[in-house]
Amino acid sequence: MRPPAMLRRAAAALALALGLLAAAPASAFYLPGVAPNDFHKKDPLLVKVNKLTSTKTQLPYSYYSLPFCKPDTIVDSAENLGEVLRGDRIENSPYVFEMREPKMCQIVCRASIDDKQAKELKEKIGDEYRVNMILDNLPLVVPIAWQDRDAVVYQGGYHVGVKGQYAVKYHKDETTELSRIVGFEVKPFSINHQFEGQWNDKNTRLITCDPHASKLVTNSDTPQEVEAGKEIIFTYDVGFEESDVKWASRWDTYLLMTDDQIHWFSIVNSLMIVLFLSGMVAMIMLRTLYRDISRYNQLETEEEAQEETGWKLVHGDVFRPPVNSDLLCVCVGTGVQFFGMLLVTMIFAVLGFLSPSNRGGLMTAMLLTWVLMGLFAGYASSRFYKMFKGSEWKSITLKTAFLFPGIAFGIFFILNALIWGEKSSGAVPFTTMFALVLLWFGISVPLVFVGSYLGFKQPAIEAPVKTNKIPRQVPEQAWYMNPAFTILIGGILPFGAVFIELFFILTSIWLHQFYYIFGFLFLVFIILIITCAEITIVLCYFQLCSEDYNWWWRSYLTSGSSAIYLFLYAGFYFFTKLQITKLVSGILYFGYMLLASFAFCVLTGTIGFCACFWFTRLIYSSVKID
């Protein structure tokens, strides 16, 4: 007995997540897009269909949710965890090509649509849904002439409601006569086909397209209208073009950018500005600190010591545990988990293991890395917890293991319920949800406990100065040292470091375009780390000079406030770049962007906090304190 499709998907996703071979029929494991397939002439080429997508609704649907022609038996392809979470639904199709064998006016099927099907089809056409297909792991694209340039760019999939005139590009080996597929293009048309006599399944000769009479379709003078009760005849053509493009370079044309000059100039300009500002900040800080430390160490008389001002005065309170220290430890531990996940994922991406040819690979890698980084999350949170004189390490471990993942899973579950209500294929099946929970409880939580146990067994981090029993009163601060003001100001520079790259990331996610320049993204990530660290150190230094020693939470929120600007920019992007009109689609967008902003706050806040913690320990261990 064959298991249900959703159960098979979940089993395959969980098997891949645990590092096992998901696709049992395969003779050997290989990374998609790495191992080429060689074809002899007339070898069958199986075309697979993927989800229907729309930038207007952001709700994917299965290809067979519309009255398209179906094969005798629909077979789901094995999908990894990332593909399932992205809403990919890869299935076989009735389209079968033969290598280097052109076909014209091939009838797929004849269908009569009812009122419900006609309504659904019209809605999908109105929402500009696109049909996505795959041939030899290459997505179907529509070539579009590049305005003002003698070049062609490619758009993924073709709009629902048109006929496909396919073109398969291949690279031929002259010595072996074997060929490799290097392109899969389509020129879409909408044709109202007509025929004479009785319908004889696929052997009927069409009036509107007859290869025997040399009458081929080249335009859409007679488009097919979608009306209930009307018949639709689905046909396709396929041609083969020899190409000089080699198999190893076949993705280059897919990844061609239409705005490359603006993209590269903006990124380089942004990086240079941030590097310059960071260098200036570092130079100022080093010179100022050197002067302060030299002056404090030269105070010899008691009168001079009594008249000292600035950050040395608060040495007895600067390492006093903050309010809600448990929550701060949890936030820092979660931030360390995020940092490790992004660092490892980016390294793999830069090395080419997470290219667009490996569908779902990026999301799968991020999830698995997040789970494994639970070890470091538990270690970091327990180390700080013990420094704050905490004794219940199991309590802090549970909070670290469940606080952020619980919030994220709750938001994800609610959004998934909304997608499920729209009957979209983007809804994660219950079995896949179970696989995610199993990864969380079965791997992540135990690793957090192991890391926390190891961290708590280590000696407590000792402060370089003693803490007074009675807290010192913080003097009245100037308006520009108000916590809310400095926190909001501190988040501007980290956001500026990722501003340009953020635009292209959002475009990739919400406008369904490829994102692949991980080298620049990794460089931006490094600049983000430097910027968060230095802006937090500078503002912390000013705060301590004003004799305000409550720096723990403020150092976390200073760089973490960049998430506020990220969310505001997400709103600006929504109203200026997207054409979303559905309420559910808008809720999905802002729900996921809220979750992304929350994660960005945890990440940047942790970077700023750790930098400030290192800075305060450094300066207070460098001065003589009697």
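Small disclaimer: the values here were computed from a predicted structure and weren't measured.

Draft legend 1. Expanded view of the overall build of the protein chain. Assigned secondary structure in the protein chain consists of 16 helices and 11 strands. Residue burial in the protein chain is summarised as follows: out of 626 residues, 48% are buried. Sequence separation of at least 24 residues holds for 81% of the intrachain contacts in the protein chain that already meet a minimum separation of 6. For the protein chain, the exposed surface amounts to about 31,100 Å²; the carbon and sulfur share of it is 61%.

Draft legend 2. Broad picture of the environment of E227. Relative to the helices and strands, E227 is located in the loop between strand 10 (179-189) and strand 11 (231-242). In this structure the C-alpha to C-alpha distance between E227 and S112, which are 115 residues apart in sequence, comes to 9.5 Å. Residues in contact with E227, not counting those within four places in the same chain, are I113 and A118.

Draft legend 3. Quick peek at the state of the cysteines. By the definition in use, this model includes 1 disulfide. Put simply, C69 and C109 are joined by a disulfide, and their sulfur atoms are 1.8 Å apart. Disulfide C69 to C109: torsion about the S-S bond roughly -80°, handedness left-handed. Of this pair, C69 sits in the loop between strand 1 (44-53) and helix 2 (81-86) while C109 sits in strand 3 (residues 103-112); the two residues are 40 residues apart in sequence, bridging distant segments of the chain. The buried category is assigned to C69, whose relative accessible area is 5%.

Draft legend 4. Representation of the packing of aromatic side chains. Applying the stated criterion across every chain yields a total of 49 aromatic pairs. Arranged with centres 5.1 Å apart and planes meeting at 70°, the rings of Y95 and Y236 form a pair that is edge-to-face. Separated by 141 residues along the polypeptide, Y95 in strand 2 (residues 91-98) and Y236 in strand 11 bring together distant segments of the chain. Within the aromatic cluster, the residues linked to one another by ring pairs are F319, F384, F388, W551, W552, F609, F613 and Y620.

Draft legend 5. Geometry of the nonpolar core. Within the largest apolar cluster, 89 residues are counted, with the highest numbers of intra-cluster contacts made by L544, W551, W552 and Y620. Once you skip the residues sitting within four places of it in the chain, L544 turns out to touch G310, W311, V314, V318, Y549, W551, T616, I619 and Y620. The next biggest cluster of nonpolar side chains, apart from the first, holds 50 residues, and it includes L45, Y129, V142 and W251.

Draft legend 6. Focus on a nonpolar patch on the surface. Taken together, the side chains of W479, Y480, F485, I489 and I492 make up a nonpolar region of the molecular surface, amounting to roughly 550 Å² of accessible area. Relative to the helices and strands, I492 is located in helix 12 (residues 492-510).

Draft legend 7. The pattern of salt bridges, seen in detail. Under the definition given, this model contains 12 salt bridges. As a salt-bridge pair, R180 and D38 come within 2.6 Å of each other at their nearest N and O atoms. With R180 in strand 10 and D38 in the loop between helix 1 (5-17) and strand 1, this residue pair connects regions lying 142 residues apart in the sequence. Here E547 makes a salt bridge to R472, at a shortest N to O gap of 3.4 Å. Within this pair, whereas E547 is found in the loop between helix 13 (518-545) and helix 14 (552-560), its partner R472 is found in the loop between helix 10 (430-457) and helix 11 (483-490), the two being separated by 75 residues in sequence. For R472, a relative accessible area of 30% translates into the label partly exposed. Through salt bridges with shared partners, a single network forms among K51, R86 and D88.

Draft legend 8. Summary view of helix 10. With 28 residues, helix 10 should cover 40 Å at 1.5 Å per step; its first-to-last C-alpha distance of 39 Å lies within 8% of that length. At S444, helix 10 is deflected by roughly 30°, the largest bend along its length, and proline P446 occurs up to four residues later in sequence.

Draft legend 9. Structural context of helix 8 (residues 374-387). With 14 residues, helix 8 ought to run about 20 Å at 1.5 Å a step, and its terminal C-alpha atoms sit 20 Å apart, in line with that. Of all the residues in helix 8, the buried ones are G374, A377, G378, A380, S381, S382, R383, F384, Y385 and M387. Buried residues along helix 8 sit against helix 6 (325-350), helix 7 (361-372), helix 9 (393-421), helix 10, helix 14 and helix 16 (583-620). K389 sits one or two positions beyond helix 8 and adopts a positive phi of about 70°.

Basis of the calculations
Residues numbered from 1 in each chain as written. Predicted model: local features only at pLDDT ≥ 70, side-chain atom pairs only at ≥ 80, totals over all residues. Heavy atoms only, no water. Helix = DSSP H or I, 4+ residues; strand = E, 2+ residues; numbered from the N terminus. Buried < 20%, exposed > 50% of the residue type's maximum accessible area, 1.4 Å probe, protein only. Contact = heavy atoms within 4.5 Å. Areas by Shrake-Rupley, 256 points an atom, 1.4 Å probe, with all protein chains shown as cover. Disulfide = S-S within 2.5 Å. Phe/Tyr/Trp six-rings, centres within 6.5 Å; stacked < 30°, edge-to-face > 60°. Core = buried A, V, L, I, M, F, W, Y, C linked by side-chain atoms within 4.5 Å. Patch = residues over 30% accessible without salt bridge, like charges linked within 9 Å, V, L, I, M, F, W, Y side chains within 5 Å. Salt bridge = Lys/Arg side-chain N within 4 Å of Asp/Glu carboxyl O. Expected span 1.5 Å × (residues − 1). Bend = angle between axes of the 7 residues up to and from the residue.

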